[in-house]
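# Observations on chain architecture
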Amino acid sequence: MVEISYEAFGNKDQALFPRATQSRTTGLTESGGSGLDPQPEEKSVDEKFPKYSPETRLIHGKMVSPHWNYRDHIVPPISASASYRLESAARGAEGFLEFANPEFNHDTQSPIYIYDRLDEPSRGMLEERLQAAEGGGTCVTFSTGMAAISAALGVLLKAGDTLVSHRTVYGCSYSLFTNWYPRLGIRVIFADLTDIDSLTRLLEEDSSIMAVYGETPCNPSLELLDLQAIAAAVRPFADARPPRRRPFTIIDNTFATPYCQRPLEHGIDIAVHSLTKNIGGFGTDMGGAVIGPKLLEPDLLLYRKDFGGVLSPKAAWPPLVYGLPTLALRCRQQMDLTHQVAVFLEQHPAVDRVIYPGLPSHPQHELAQRQMRDFDGGFAPGSLLCFVLAGEAAEVKERGARFMDLLAQQALTITLAVSLGQIRTLIEHPASMTHAPVPAENQLAAGIEPGSIRLSIGLEKAEDIIADLEKALSQL
Ligand SMILES: Cc1ncc(COP(=O)(O)O)c(C=O)c1O
(Lines give C-alpha, C1' and ligand atoms only; values in the text may rest on other atoms or scores of the structure.)
Protein backbone atom coordinates (compact mmCIF):
# COMPACT_ATOMS: atom_id res chain seq x y z
CA MET A 1 0.00 0.00 0.00
CA VAL A 2 1.50 3.32 -1.02
CA GLU A 3 0.50 6.49 0.78
CA ILE A 4 -0.13 9.34 -1.62
CA SER A 5 0.90 12.57 -0.03
CA TYR A 6 1.36 15.59 -2.14
CA GLU A 7 0.59 19.23 -2.23
CA ALA A 8 -0.87 20.04 -5.60
CA PHE A 9 -0.02 23.55 -6.62
CA GLY A 10 -3.61 24.65 -6.71
CA ASN A 11 -7.03 23.78 -5.42
CA LYS A 12 -6.30 20.51 -3.69
CA ASP A 13 -9.10 21.07 -1.26
CA GLN A 14 -11.63 21.52 -4.04
CA ALA A 15 -10.59 18.48 -6.01
CA LEU A 16 -13.30 15.92 -6.61
CA PHE A 17 -10.94 13.16 -5.59
CA PRO A 18 -9.28 14.23 -2.32
CA ARG A 19 -6.06 12.54 -3.23
CA ALA A 20 -3.91 13.64 -0.35
CA THR A 21 -5.82 11.51 2.11
CA GLN A 22 -6.35 8.45 -0.05
CA SER A 23 -4.14 5.44 -0.21
CA ARG A 24 -3.44 3.14 -3.08
CA THR A 25 -4.51 -0.45 -2.63
CA THR A 26 -3.26 -2.04 -5.80
CA GLY A 27 -0.93 -1.53 -8.65
CA LEU A 28 1.84 0.96 -8.61
CA THR A 29 5.26 -0.48 -8.13
CA GLU A 30 8.62 1.17 -8.05
CA SER A 31 9.17 0.32 -11.68
CA GLY A 32 5.77 1.60 -12.78
CA GLY A 33 2.85 -0.18 -14.40
CA SER A 34 -0.64 -0.52 -13.00
CA GLY A 35 -1.53 -4.17 -13.32
CA LEU A 36 -1.37 -4.29 -17.11
CA ASP A 37 1.29 -6.22 -18.95
CA PRO A 38 4.25 -3.93 -19.18
CA GLN A 39 4.28 -1.94 -22.43
CA PRO A 40 7.43 -1.62 -24.49
CA GLU A 41 9.77 1.01 -23.12
CA GLU A 42 9.90 3.78 -25.67
CA LYS A 43 11.79 7.04 -25.42
CA SER A 44 10.19 10.15 -26.80
CA VAL A 45 11.03 11.05 -30.39
CA ASP A 46 12.90 14.06 -29.05
CA GLU A 47 15.09 11.91 -26.79
CA LYS A 48 15.59 9.13 -29.30
CA PHE A 49 16.35 11.31 -32.32
CA PRO A 50 17.78 14.53 -30.90
CA LYS A 51 19.81 15.20 -34.02
CA TYR A 52 16.68 15.69 -36.12
CA SER A 53 15.16 19.14 -36.30
CA PRO A 54 11.97 20.01 -34.39
CA GLU A 55 10.33 20.47 -37.79
CA THR A 56 10.94 16.84 -38.70
CA ARG A 57 9.84 15.68 -35.27
CA LEU A 58 6.50 17.47 -35.74
CA ILE A 59 5.80 14.84 -38.40
CA HIS A 60 7.15 11.84 -36.55
CA GLY A 61 5.50 11.87 -33.14
CA LYS A 62 5.78 9.31 -30.39
CA MET A 63 3.88 6.26 -31.69
CA VAL A 64 4.44 4.11 -28.59
CA SER A 65 4.13 5.27 -25.02
CA PRO A 66 2.60 3.96 -21.80
CA HIS A 67 -0.57 5.73 -23.05
CA TRP A 68 -0.84 4.20 -26.52
CA ASN A 69 0.79 1.67 -28.75
CA TYR A 70 0.46 2.46 -32.46
CA ARG A 71 3.75 0.88 -33.40
CA ASP A 72 2.53 -0.39 -36.77
CA HIS A 73 0.50 2.64 -37.75
CA ILE A 74 1.92 5.29 -40.02
CA VAL A 75 -1.10 7.46 -39.26
CA PRO A 76 -2.42 7.22 -35.70
CA PRO A 77 -6.07 6.14 -35.46
CA ILE A 78 -8.79 8.38 -34.06
CA SER A 79 -9.81 6.87 -30.79
CA ALA A 80 -13.58 6.90 -30.25
CA SER A 81 -14.57 5.54 -26.88
CA ALA A 82 -16.42 7.75 -24.42
CA SER A 83 -15.72 5.34 -21.56
CA TYR A 84 -13.40 2.41 -20.94
CA ARG A 85 -13.85 -1.10 -19.58
CA LEU A 86 -12.39 -1.66 -16.14
CA GLU A 87 -11.28 -5.09 -14.97
CA SER A 88 -12.40 -4.58 -11.39
CA ALA A 89 -13.79 -2.00 -9.01
CA ALA A 90 -10.35 -1.72 -7.43
CA ARG A 91 -8.85 -0.91 -10.80
CA GLY A 92 -11.49 1.75 -11.34
CA ALA A 93 -10.68 3.27 -7.95
CA GLU A 94 -7.01 3.21 -8.82
CA GLY A 95 -7.68 4.97 -12.10
CA PHE A 96 -9.48 7.78 -10.31
CA LEU A 97 -6.68 8.01 -7.80
CA GLU A 98 -4.06 8.30 -10.50
CA PHE A 99 -5.89 10.88 -12.53
CA ALA A 100 -4.32 14.35 -12.24
CA ASN A 101 -2.03 12.97 -9.55
CA PRO A 102 1.44 14.53 -9.68
CA GLU A 103 2.94 11.39 -8.18
CA PHE A 104 1.84 9.38 -11.19
CA ASN A 105 4.53 9.56 -13.84
CA HIS A 106 2.82 9.76 -17.22
CA ASP A 107 6.08 9.30 -19.04
CA THR A 108 6.80 5.90 -17.55
CA GLN A 109 3.55 4.47 -16.18
CA SER A 110 0.55 2.99 -17.99
CA PRO A 111 -2.56 5.05 -17.45
CA ILE A 112 -5.92 3.54 -16.58
CA TYR A 113 -8.35 5.10 -19.01
CA ILE A 114 -11.77 5.69 -17.50
CA TYR A 115 -13.71 8.32 -19.39
CA ASP A 116 -12.89 10.52 -22.38
CA ARG A 117 -13.32 13.75 -20.38
CA LEU A 118 -10.45 12.65 -18.11
CA ASP A 119 -7.90 11.31 -20.56
CA GLU A 120 -7.69 9.49 -23.90
CA PRO A 121 -4.97 8.67 -26.43
CA SER A 122 -5.68 10.74 -29.61
CA ARG A 123 -5.67 13.90 -27.57
CA GLY A 124 -2.62 12.65 -25.67
CA MET A 125 -0.62 12.29 -28.87
CA LEU A 126 -1.43 15.86 -29.90
CA GLU A 127 -0.51 17.11 -26.42
CA GLU A 128 2.82 15.32 -26.57
CA ARG A 129 3.64 17.01 -29.92
CA LEU A 130 2.53 20.47 -28.80
CA GLN A 131 4.45 20.23 -25.55
CA ALA A 132 7.62 19.39 -27.49
CA ALA A 133 7.01 22.13 -30.09
CA GLU A 134 6.65 24.85 -27.42
CA GLY A 135 9.26 23.35 -25.08
CA GLY A 136 6.99 23.12 -22.02
CA GLY A 137 6.70 20.73 -19.09
CA THR A 138 3.12 19.83 -19.94
CA CYS A 139 0.39 20.45 -22.49
CA VAL A 140 -3.32 20.15 -21.78
CA THR A 141 -5.70 20.66 -24.70
CA PHE A 142 -9.21 22.11 -24.65
CA SER A 143 -12.25 22.33 -26.88
CA THR A 144 -11.43 25.85 -28.14
CA GLY A 145 -8.85 28.57 -27.69
CA MET A 146 -11.19 30.40 -25.34
CA ALA A 147 -11.61 27.25 -23.22
CA ALA A 148 -7.80 27.06 -23.00
CA ILE A 149 -7.47 30.72 -22.01
CA SER A 150 -10.24 30.36 -19.40
CA ALA A 151 -8.50 27.27 -17.99
CA ALA A 152 -4.99 28.74 -17.87
CA LEU A 153 -6.30 31.74 -15.96
CA GLY A 154 -8.92 29.69 -14.10
CA VAL A 155 -6.31 27.59 -12.31
CA LEU A 156 -4.33 30.69 -11.31
CA LEU A 157 -7.05 33.15 -10.24
CA LYS A 158 -9.71 33.14 -7.55
CA ALA A 159 -11.93 35.78 -5.95
CA GLY A 160 -9.83 38.62 -4.58
CA ASP A 161 -7.01 38.12 -7.09
CA THR A 162 -6.02 40.52 -9.82
CA LEU A 163 -5.22 39.88 -13.48
CA VAL A 164 -3.07 42.35 -15.38
CA SER A 165 -3.89 42.13 -19.07
CA HIS A 166 -2.33 44.00 -21.94
CA ARG A 167 -4.80 46.60 -23.21
CA THR A 168 -5.08 44.99 -26.66
CA VAL A 169 -6.38 41.42 -26.64
CA TYR A 170 -8.71 39.30 -28.75
CA GLY A 171 -12.34 40.46 -28.37
CA CYS A 172 -13.62 37.37 -26.53
CA SER A 173 -10.67 37.46 -24.11
CA TYR A 174 -11.63 41.07 -23.43
CA SER A 175 -15.23 40.00 -22.93
CA LEU A 176 -14.15 37.21 -20.54
CA PHE A 177 -12.12 39.69 -18.48
CA THR A 178 -14.74 42.45 -18.40
CA ASN A 179 -18.06 40.58 -18.34
CA TRP A 180 -17.29 37.45 -16.36
CA TYR A 181 -14.31 38.05 -14.08
CA PRO A 182 -15.97 40.86 -12.11
CA ARG A 183 -18.81 38.44 -11.32
CA LEU A 184 -16.25 36.01 -9.92
CA GLY A 185 -14.63 38.71 -7.80
CA ILE A 186 -11.50 38.81 -9.99
CA ARG A 187 -10.21 42.29 -10.68
CA VAL A 188 -8.73 43.05 -14.10
CA ILE A 189 -6.31 45.87 -14.80
CA PHE A 190 -5.77 46.68 -18.47
CA ALA A 191 -2.23 47.98 -18.76
CA ASP A 192 0.30 48.80 -21.43
CA LEU A 193 2.68 45.84 -21.20
CA THR A 194 5.10 47.56 -23.56
CA ASP A 195 5.76 49.87 -20.61
CA ILE A 196 7.79 47.58 -18.34
CA ASP A 197 8.33 50.23 -15.65
CA SER A 198 4.61 50.63 -15.13
CA LEU A 199 4.19 46.83 -14.97
CA THR A 200 6.86 46.72 -12.27
CA ARG A 201 5.12 49.51 -10.36
CA LEU A 202 1.82 47.62 -10.51
CA LEU A 203 3.48 44.49 -9.15
CA GLU A 204 5.18 46.47 -6.38
CA GLU A 205 1.93 48.10 -5.33
CA ASP A 206 -0.42 45.15 -5.57
CA SER A 207 0.37 41.70 -4.17
CA SER A 208 -3.03 40.42 -5.36
CA ILE A 209 -1.69 40.25 -8.96
CA MET A 210 -1.52 36.56 -9.80
CA ALA A 211 -1.36 36.64 -13.58
CA VAL A 212 0.11 38.89 -16.26
CA TYR A 213 -1.50 38.19 -19.63
CA GLY A 214 -0.92 39.30 -23.20
CA GLU A 215 -0.71 38.36 -26.85
CA THR A 216 2.21 38.95 -29.17
CA PRO A 217 1.70 39.84 -31.94
CA CYS A 218 -1.49 41.40 -30.57
CA ASN A 219 -4.79 40.76 -32.24
CA PRO A 220 -5.49 42.86 -34.30
CA SER A 221 -2.95 45.68 -34.01
CA LEU A 222 0.15 43.52 -34.62
CA GLU A 223 1.83 45.39 -31.79
CA LEU A 224 4.51 43.28 -30.08
CA LEU A 225 5.23 42.58 -26.42
CA ASP A 226 8.81 42.03 -25.30
CA LEU A 227 8.64 38.51 -23.90
CA GLN A 228 12.02 38.57 -22.19
CA ALA A 229 11.37 41.94 -20.59
CA ILE A 230 7.96 40.88 -19.24
CA ALA A 231 9.35 37.62 -17.88
CA ALA A 232 12.26 39.47 -16.25
CA ALA A 233 9.92 42.04 -14.69
CA VAL A 234 7.64 39.42 -13.14
CA ARG A 235 10.32 36.93 -12.07
CA PRO A 236 11.55 38.75 -8.91
CA PHE A 237 7.96 38.95 -7.62
CA ALA A 238 7.40 35.28 -8.39
CA ASP A 239 10.59 34.38 -6.54
CA ALA A 240 9.83 36.55 -3.54
CA ARG A 241 6.26 35.37 -2.92
CA PRO A 242 5.15 32.05 -1.39
CA PRO A 243 4.56 29.36 -4.08
CA ARG A 244 0.77 29.63 -4.02
CA ARG A 245 0.88 33.43 -4.28
CA ARG A 246 3.37 33.77 -7.10
CA PRO A 247 2.31 35.64 -10.25
CA PHE A 248 2.48 33.75 -13.55
CA THR A 249 3.06 35.14 -17.03
CA ILE A 250 0.75 33.91 -19.80
CA ILE A 251 1.12 34.61 -23.51
CA ASP A 252 -1.42 33.83 -26.19
CA ASN A 253 0.88 32.57 -28.95
CA THR A 254 -1.89 31.95 -31.48
CA PHE A 255 -0.77 34.51 -34.06
CA ALA A 256 2.82 33.33 -34.17
CA THR A 257 2.44 29.54 -33.62
CA PRO A 258 5.40 27.67 -32.08
CA TYR A 259 7.01 27.68 -35.50
CA CYS A 260 7.51 31.46 -35.38
CA GLN A 261 7.90 32.07 -31.65
CA ARG A 262 8.19 30.06 -28.44
CA PRO A 263 7.40 32.27 -25.42
CA LEU A 264 8.66 29.71 -22.87
CA GLU A 265 12.15 29.99 -24.37
CA HIS A 266 12.03 33.67 -23.39
CA GLY A 267 11.12 32.94 -19.76
CA ILE A 268 7.32 33.16 -20.01
CA ASP A 269 5.53 30.60 -17.80
CA ILE A 270 2.58 29.61 -19.96
CA ALA A 271 1.71 29.70 -23.67
CA VAL A 272 -1.91 29.38 -24.76
CA HIS A 273 -3.16 28.64 -28.26
CA SER A 274 -6.24 28.57 -30.35
CA LEU A 275 -5.63 25.39 -32.35
CA THR A 276 -8.49 26.56 -34.56
CA LYS A 277 -5.99 28.86 -36.27
CA ASN A 278 -2.64 28.13 -37.91
CA ILE A 279 -1.79 25.02 -35.88
CA GLY A 280 -4.95 23.35 -37.17
CA GLY A 281 -4.25 25.21 -40.38
CA PHE A 282 -7.11 24.02 -42.54
CA GLY A 283 -10.06 25.59 -40.75
CA THR A 284 -11.89 22.33 -40.16
CA ASP A 285 -11.93 22.06 -36.37
CA MET A 286 -11.76 24.09 -33.19
CA GLY A 287 -9.35 23.49 -30.34
CA GLY A 288 -7.16 25.08 -27.74
CA ALA A 289 -4.03 24.26 -25.75
CA VAL A 290 -2.20 25.35 -22.62
CA ILE A 291 1.53 24.61 -22.47
CA GLY A 292 3.37 25.38 -19.27
CA PRO A 293 5.17 24.02 -16.23
CA LYS A 294 4.47 20.45 -15.10
CA LEU A 295 3.47 21.92 -11.76
CA LEU A 296 0.19 23.15 -13.26
CA GLU A 297 -0.76 19.88 -14.95
CA PRO A 298 -2.91 18.44 -12.13
CA ASP A 299 -4.99 21.58 -11.81
CA LEU A 300 -5.37 21.98 -15.57
CA LEU A 301 -6.60 18.38 -15.84
CA LEU A 302 -9.01 18.82 -12.93
CA TYR A 303 -10.25 22.10 -14.39
CA ARG A 304 -10.84 20.46 -17.76
CA LYS A 305 -12.64 17.54 -16.11
CA ASP A 306 -14.94 19.77 -14.08
CA PHE A 307 -15.60 22.63 -16.51
CA GLY A 308 -15.82 20.06 -19.26
CA GLY A 309 -14.20 21.93 -22.17
CA VAL A 310 -12.45 18.82 -23.42
CA LEU A 311 -11.01 18.53 -26.94
CA SER A 312 -12.81 15.68 -28.66
CA PRO A 313 -10.52 12.98 -30.12
CA LYS A 314 -12.06 13.64 -33.53
CA ALA A 315 -11.04 17.31 -33.28
CA ALA A 316 -7.58 16.40 -31.96
CA TRP A 317 -6.84 14.23 -34.96
CA PRO A 318 -6.69 16.84 -37.79
CA PRO A 319 -4.12 19.10 -36.05
CA LEU A 320 -2.13 15.97 -35.12
CA VAL A 321 -2.18 14.40 -38.57
CA TYR A 322 -2.43 17.41 -40.93
CA GLY A 323 -1.86 20.61 -38.95
CA LEU A 324 1.40 20.10 -37.07
CA PRO A 325 3.18 18.05 -39.76
CA THR A 326 2.58 20.82 -42.34
CA LEU A 327 3.00 23.78 -39.97
CA ALA A 328 6.56 24.65 -40.98
CA LEU A 329 5.84 24.28 -44.70
CA ARG A 330 2.68 26.38 -44.52
CA CYS A 331 4.24 29.07 -42.31
CA ARG A 332 7.26 29.47 -44.59
CA GLN A 333 5.11 29.84 -47.69
CA GLN A 334 2.61 32.13 -45.95
CA MET A 335 5.38 34.38 -44.65
CA ASP A 336 6.88 34.70 -48.11
CA LEU A 337 3.47 35.71 -49.52
CA THR A 338 2.72 38.01 -46.58
CA HIS A 339 5.92 39.90 -47.20
CA GLN A 340 5.06 40.41 -50.86
CA VAL A 341 1.52 41.56 -50.04
CA ALA A 342 2.78 43.88 -47.28
CA VAL A 343 5.27 45.54 -49.65
CA PHE A 344 2.54 45.97 -52.29
CA LEU A 345 0.11 47.54 -49.80
CA GLU A 346 2.77 49.79 -48.31
CA GLN A 347 3.40 51.32 -51.74
CA HIS A 348 -0.28 51.76 -52.64
CA PRO A 349 -1.63 55.35 -52.51
CA ALA A 350 -5.02 54.21 -51.13
CA VAL A 351 -3.27 52.74 -48.07
CA ASP A 352 -2.17 54.97 -45.23
CA ARG A 353 0.07 52.43 -43.54
CA VAL A 354 0.81 48.72 -43.15
CA ILE A 355 1.67 47.07 -39.86
CA TYR A 356 3.62 43.86 -40.34
CA PRO A 357 6.43 42.76 -38.00
CA GLY A 358 8.44 41.65 -41.04
CA LEU A 359 8.64 45.18 -42.50
CA PRO A 360 11.39 47.57 -41.39
CA SER A 361 8.60 50.16 -40.98
CA HIS A 362 7.07 48.20 -38.08
CA PRO A 363 7.83 50.30 -34.99
CA GLN A 364 9.09 47.20 -33.17
CA HIS A 365 10.86 45.54 -36.08
CA GLU A 366 14.02 45.07 -34.03
CA LEU A 367 12.03 43.29 -31.28
CA ALA A 368 10.35 41.13 -33.93
CA GLN A 369 13.76 40.11 -35.22
CA ARG A 370 14.85 39.24 -31.72
CA GLN A 371 11.94 37.07 -30.60
CA MET A 372 10.14 35.82 -33.72
CA ARG A 373 12.43 33.04 -34.81
CA ASP A 374 11.72 29.68 -36.42
CA PHE A 375 13.17 26.39 -35.17
CA ASP A 376 16.37 27.02 -37.15
CA GLY A 377 16.80 30.57 -35.88
CA GLY A 378 15.50 32.26 -39.06
CA PHE A 379 13.40 35.42 -38.84
CA ALA A 380 9.72 34.37 -38.73
CA PRO A 381 7.39 37.37 -38.55
CA GLY A 382 4.18 35.39 -39.17
CA SER A 383 1.41 35.58 -41.73
CA LEU A 384 -0.85 38.30 -40.37
CA LEU A 385 -0.78 41.92 -41.33
CA CYS A 386 -2.90 44.92 -40.59
CA PHE A 387 -3.39 47.98 -42.79
CA VAL A 388 -5.21 51.27 -42.54
CA LEU A 389 -6.86 52.86 -45.55
CA ALA A 390 -5.93 56.45 -46.38
CA GLY A 391 -8.51 59.13 -45.77
CA GLU A 392 -10.16 61.30 -43.16
CA ALA A 393 -11.08 59.53 -39.93
CA ALA A 394 -14.78 60.26 -40.50
CA GLU A 395 -14.90 58.48 -43.88
CA VAL A 396 -12.32 55.74 -43.45
CA LYS A 397 -14.58 53.31 -41.56
CA GLU A 398 -17.23 53.51 -44.27
CA ARG A 399 -14.54 53.14 -46.93
CA GLY A 400 -13.22 50.05 -45.15
CA ALA A 401 -16.67 48.48 -45.17
CA ARG A 402 -17.01 49.25 -48.89
CA PHE A 403 -13.56 47.77 -49.56
CA MET A 404 -14.52 44.52 -47.90
CA ASP A 405 -17.85 44.37 -49.74
CA LEU A 406 -15.96 44.78 -53.02
CA LEU A 407 -13.64 41.91 -52.10
CA ALA A 408 -16.52 39.74 -50.93
CA GLN A 409 -18.28 40.22 -54.26
CA GLN A 410 -15.36 40.09 -56.68
CA ALA A 411 -12.32 38.35 -55.25
CA LEU A 412 -11.56 34.65 -55.43
CA THR A 413 -8.42 34.70 -53.30
CA ILE A 414 -9.63 36.86 -50.42
CA THR A 415 -12.51 35.67 -48.27
CA LEU A 416 -14.37 38.00 -45.93
CA ALA A 417 -14.50 35.93 -42.75
CA VAL A 418 -13.35 35.94 -39.15
CA SER A 419 -10.60 33.55 -38.00
CA LEU A 420 -7.08 33.35 -39.34
CA GLY A 421 -4.25 30.97 -40.11
CA GLN A 422 -5.97 28.98 -42.82
CA ILE A 423 -4.91 27.96 -46.32
CA ARG A 424 -7.35 30.61 -47.64
CA THR A 425 -6.54 34.29 -47.29
CA LEU A 426 -9.05 35.83 -44.89
CA ILE A 427 -9.87 39.49 -44.42
CA GLU A 428 -11.88 41.12 -41.68
CA HIS A 429 -12.67 44.44 -40.06
CA PRO A 430 -11.79 44.07 -36.34
CA ALA A 431 -13.65 47.16 -35.12
CA SER A 432 -16.99 45.76 -36.24
CA MET A 433 -16.26 42.02 -36.18
CA THR A 434 -13.76 40.19 -33.92
CA HIS A 435 -13.29 43.13 -31.56
CA ALA A 436 -16.89 44.34 -31.44
CA PRO A 437 -17.05 43.32 -27.71
CA VAL A 438 -14.51 46.09 -27.00
CA PRO A 439 -16.56 49.30 -26.55
CA ALA A 440 -15.90 51.84 -29.33
CA GLU A 441 -14.44 54.34 -26.84
CA ASN A 442 -11.88 51.73 -25.68
CA GLN A 443 -10.98 50.48 -29.15
CA LEU A 444 -8.68 53.37 -30.02
CA ALA A 445 -6.83 53.09 -26.71
CA ALA A 446 -6.35 49.40 -27.49
CA GLY A 447 -4.88 50.20 -30.90
CA ILE A 448 -7.99 49.14 -32.82
CA GLU A 449 -8.52 51.91 -35.36
CA PRO A 450 -11.91 52.30 -37.06
CA GLY A 451 -10.32 51.92 -40.50
CA SER A 452 -7.86 49.13 -39.80
CA ILE A 453 -8.22 45.91 -41.71
CA ARG A 454 -6.70 42.55 -40.79
CA LEU A 455 -5.41 40.16 -43.43
CA SER A 456 -4.45 36.57 -42.73
CA ILE A 457 -2.50 35.30 -45.70
CA GLY A 458 -3.18 31.79 -46.96
CA LEU A 459 -1.51 29.74 -49.67
CA GLU A 460 -2.85 31.31 -52.88
CA LYS A 461 -0.38 32.73 -55.41
CA ALA A 462 0.93 36.15 -54.31
CA GLU A 463 0.16 37.68 -57.72
CA ASP A 464 -3.48 36.60 -57.46
CA ILE A 465 -3.90 38.01 -53.94
CA ILE A 466 -2.27 41.27 -55.01
CA ALA A 467 -4.42 41.49 -58.17
CA ASP A 468 -7.61 41.06 -56.10
CA LEU A 469 -6.46 43.72 -53.62
CA GLU A 470 -5.44 46.09 -56.42
CA LYS A 471 -8.79 45.77 -58.17
CA ALA A 472 -10.78 46.54 -55.00
CA LEU A 473 -8.47 49.40 -53.93
CA SER A 474 -8.78 51.02 -57.35
CA GLN A 475 -12.59 51.11 -56.98
CA LEU A 476 -12.61 52.99 -53.66
C1 LIG B 1 -5.40 35.55 -30.58
C2 LIG B 1 -6.59 34.67 -30.35
N3 LIG B 1 -6.68 33.98 -29.19
C4 LIG B 1 -7.72 33.17 -28.93
C5 LIG B 1 -8.76 33.02 -29.82
C6 LIG B 1 -9.91 32.14 -29.47
O7 LIG B 1 -9.81 30.92 -30.11
P8 LIG B 1 -11.08 29.98 -30.39
O9 LIG B 1 -11.90 30.66 -31.42
O10 LIG B 1 -10.47 28.69 -30.83
O11 LIG B 1 -11.81 29.86 -29.09
C12 LIG B 1 -8.71 33.71 -31.03
C13 LIG B 1 -9.80 33.56 -32.02
O14 LIG B 1 -9.87 34.28 -33.00
C15 LIG B 1 -7.60 34.55 -31.30
O16 LIG B 1 -7.50 35.24 -32.44
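For every chain, the first residue of the written sequence is number 1, and numbering continues from 1 along that sequence. With pLDDT at 70 or above as the cut-off, local features in this predicted model cover only qualifying residues; side-chain atom pairs require 80 or more to be listed or tallied, and sums for whole chains, interfaces and linings still use all residues.

## Structural notes on the overall build of the protein
Going by this rule: Secondary structure is summarised from DSSP: a helix means a run of H or I of at least four residues, a strand means a run of E of at least two, and numbering begins at the N terminus for each. Each radius of gyration is computed over the set of C-alpha atoms, and the globule rule expresses the reference value as 2.2 Å times the number of residues to the power 0.38. A residue is called partly exposed when the number of other C-beta atoms within 10 Å of its own lies between 12 and 20, exposed at 12 or fewer, and buried at 20 or more, with C-beta atoms placed from the backbone. Here contacts are defined at the residue level, using C-beta atoms placed from the backbone and a cut-off of 7 Å between them.
A tally of regular secondary structure across the protein gives 15 helices and 14 strands. A compact globule built from 476 residues would reach a C-alpha radius of gyration of about 23 Å, and the protein, at 23 Å, matches this within 12%. Projected onto the principal axes, the alpha-carbon positions of the protein cover approximately 75 × 55 × 35 Å. Within the protein, buried positions represent 48% of all 476 residues. Look at the contacts in the protein between residues 6 or more apart in sequence, and 72% of them connect residues 24 or more apart.

## Focus: the sheet that holds strand β9 (residues 288–292)
Just so we agree on the cut-off: When DSSP locates at least two bridges between a pair of strands, those strands are taken to pair. Axes here mean lines fitted to C-alpha atoms, for a helix over just the part in contact, with angles spanning 0 to 180 degrees between N-to-C directions.
With mixed pairing, 7 strands are arranged side by side in an open sheet as β3-β9-β8-β7-β6-β4-β5. Because the sheet does not close on itself, it has two edges, and the strands there are β3 (138–142) and β5 (187–191). Taking each pair of neighbouring strands and ignoring which way they run, the sheet shows an average axis angle of 20°. Two elements, strand β4 (residues 162–166) and β5, share 5 bridges in a ladder whose sense is parallel. Bridging across to β5, V164 finds its partner in I189. Contacts from helix α5 (residues 145–154) reach β3, β4, β6 (209–215), β7 (248–252), β8 (270–274) and β9 within the one sheet, and its direction differs from that of β9 by about 35°.

## Quick look at the site of the ligand
The following threshold applies: Here, nearness is defined through the C-beta atom: a residue counts as near a molecule or strand if that backbone-placed atom lies within 6 Å of it. The residue classification treats Ala, Val, Leu, Ile, Met, Phe, Trp, Tyr, Cys and Pro as nonpolar and Asp, Glu, Lys and Arg as charged. All others, Gly included, are polar.
Taken together, 15 residues lie near the ligand, and T144, G145, M146, S274 and T276 sit nearest. The class makeup of the residues in the shell around the ligand is 5 nonpolar, 8 polar and 2 charged.

## Digging into the sheet that holds strand β11 (residues 384–389)
Taken in spatial order, the 5 strands make up an open sheet running β10-β11-β14-β13-β12, and their pairing is mixed. For this open sheet the edge positions go to β10 (351–355) and β12 (414–416), each flanked by a neighbour on one side alone. Averaged over neighbouring strand pairs, the angle between their axes works out to 25° when direction is ignored. With 3 bridges joining them, β12 and strand β13 (residues 425–428) adopt parallel strand pairing. Bridge assignment links I414 to a residue of β13, and that residue is T425. Along the sheet face, helix α11 (residues 313–347) touches β10, β11 and β14 (452–456) and points at about 150° away from the line of β10.

## Considering the domain arrangement of the protein
Operational definition: Domain start and stop positions are those given by an automatic or database domain assignment.
With domains assigned, the protein is organised as domain 1 (122–321) and domain 2 (325–474). Spacing between the C-alpha centres of domain 1 and domain 2 amounts to 24 Å. With 30 residues of domain 1 at the interface, the matching set in domain 2 holds 37 residues. Of all the elements in the fold, those that place two or more residues in the side of domain 1 that touches domain 2 are α6 (171–180) and α9 (257–260). Of all the elements, α6 adds the most residues to the side of domain 1 that touches domain 2, at 4 residues. The class makeup of the residues in the side of domain 1 that touches domain 2 is 15 nonpolar, 11 polar and 4 charged.

## Observations concerning the packing of helix α4 (residues 121–134) against α11
What counts is decided by this rule: Oblique is the label for every angle not falling under 35 degrees (roughly parallel), over 145 degrees (roughly antiparallel), or within 65 to 115 degrees (roughly perpendicular). Two helices crossing with the near one rotated counterclockwise from the far one by less than a right angle form a left-handed crossing, whereas a clockwise rotation gives a right-handed crossing.
At their nearest, the axes of α4 and α11 sit 8 Å apart, and the two run at 40° to each other. Taken as axis vectors, α4 and α11 run oblique relative to one another. Between α4 and α11 the crossing geometry is left-handed. Taken together, the residues of α11 that come into contact with α4 (itself represented by S122, R123, M125, L126 and R129) are P313, A316, W317, P319, L320 and L324. Per-class residue counts for the contact of α4 with α11 are 8 nonpolar, 1 polar and 2 charged.

## Some details on helix α3 (residues 89–98)
Quick reminder: α-helices carry 3.6 residues per turn. Residues three or four places apart thus point the same way. Convention followed: Taken from the helix axis, the directions to the C-beta atoms give the arc we talk about.
Buried within α3 we find E94, G95, L97 and E98. Taken down its axis, α3 places every buried residue within 165° of arc, on the same side. In the stretch just after α3, A100 is the one whose phi turns positive, near 60°.

## Regarding the nonpolar core
As a reminder, the rule being used: Structurally, a nonpolar core is described as a collection of buried Ala, Val, Leu, Ile, Met, Phe, Trp, Tyr and Cys residues joined by way of C-beta atoms within 7 Å.
Counting residues in each nonpolar core, the largest one holds 117 residues, and the members touching the most others are A152, A211, V290 and L385. Sorting elements by how many residues they give to this core places α11 first, with 13 residues. Mapping this core onto the domain boundaries places at least three of its residues in each of domain 1 (122–321) and domain 2 (325–474). Setting aside its immediate chain neighbours within four residues, A211 contacts L153, L156, L157, L163, P247, F248 and I250.

## Some remarks on the packing of α11 against helix α15 (residues 462–474)
For the pair α11 and α15, interaxial distance at closest approach is 10 Å and the crossing angle is 30°. The angle between α11 and α15 falls in the class roughly parallel. α15 is crossed by α11, and the crossing has right-handed handedness. Of α15, the residues touching α11 (which contributes L337, Q340, V341, F344 and L345) are A462, I465, I466 and L469. Taken together, the residues of the contact of α11 with α15 sort by class into 8 nonpolar, 1 polar and no charged.

## As for unusual backbone geometry
In this chain, T216 is followed by P217 through a cis amide linkage whose omega measures -10°. Within the element layout of this structure, P217 appears in the loop between β6 and α8 (227–240).

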